[in-house]
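So you can see what is in the structure, the chains are spelled out below.
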Amino acid sequence: MTRDPGLQPERTRLAWRRTLLALTGVTVLEIRLALAGHTFDAVLAGVAVAAWAGTLLVNWRQAVGTGPGRRYAFPLTALATAGLALLGVLHVLRGLR
């Protein structure tokens, strides 16, 4: 008996696209803050761009559905997401001073 995946591959592809879109939005906001801020903001924007680019390169095949993902795609995405959340917390704490 063969397995019928149904719409699962499409749902997975759309989930990866949403994840990459969210990371892109956060990175753009980080760059916007860096353009209006200080050197510290520019460093944070550089880290955000590096996390975004790494996640995009690793997850691109899954997002477009052209092949299986790499085995380290999920941990890298989780790390990038947590790192960008930490950058947001740093901005909030810095703005409270």
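Heads up: these notes are all about the structure in this document. In this text the structure is predicted, and so the values were computed from the model without any measurement.

## Some thoughts on the overall build of the protein
Here's step 1: Scanning the protein from N- to C-terminus turns up three helices and zero strands.
Here's step 2: In the protein, the order of α-helices and β-strands from amino to carboxyl end is α-α-α.
Here's step 3: Its C-alpha atoms give the protein a radius of gyration of 16 Å, clearly above 13 Å, the size a compact globule of 97 residues would have.
Here's step 4: Dimensions of the protein, computed from C-alpha atoms along their principal axes, come out at roughly 65 × 20 × 20 Å.

## Some points on a nonpolar patch on the surface
Here's step 1: There is a patch of nonpolar side chains on the surface, built from Phe 40, Leu 86, Val 89, Leu 90 and Leu 93 and spanning about 430 Å² of accessible area.
Here's step 2: Looking at which element gives the most residues to the nonpolar patch, the answer is helix α3 (residues 73-95), with four residues.
Here's step 3: Tracing the chain through its elements places Leu 93 in helix α3.

## Let's talk about the packing of helix α1 (residues 8-36) against α3
Here's step 1: Put simply, α1 and α3 touch, their axes get as near as 11 Å, and they point 30° apart. Judged by the angle between their axes, α1 and α3 are roughly parallel. The interaxial crossing formed by α1 with α3 has left-handed handedness. Along its contact with α1, which presents Trp 16, Thr 19, Leu 23, Val 26, Thr 27, Glu 30 and Leu 33, the element α3 presents Ala 73, Phe 74, Thr 77, Thr 81, Leu 84, Leu 87 and His 91.
Here's step 2: Among the residues forming the contact of α1 with α3, the class breakdown is eight nonpolar, five polar and one charged.

Criteria and cut-off values
- Residues numbered from 1 in each chain as written.
- Predicted model: local features only at pLDDT ≥ 70, side-chain atom pairs only at ≥ 80, totals over all residues.
- Heavy atoms only, no water.
- Helix = DSSP H or I, 4+ residues; strand = E, 2+ residues; numbered from the N terminus.
- Rg over C-alpha atoms; globule rule 2.2 N^0.38 Å.
- Patch = residues over 30% accessible without salt bridge, like charges linked within 9 Å, V, L, I, M, F, W, Y side chains within 5 Å.
- Areas by Shrake-Rupley, 256 points an atom, 1.4 Å probe, with all protein chains shown as cover.
- Salt bridge = Lys/Arg side-chain N within 4 Å of Asp/Glu carboxyl O.
- Axes fitted to C-alpha atoms, helices over the stretch in contact; angles between N-to-C directions.
- Parallel < 35°, antiparallel > 145°, perpendicular 65-115°, else oblique.
- Left-handed = near helix turned anticlockwise from the far one by under 90°.
- Contact = heavy atoms within 4.5 Å.
- Nonpolar A, V, L, I, M, F, W, Y, C, P; charged D, E, K, R; others polar.

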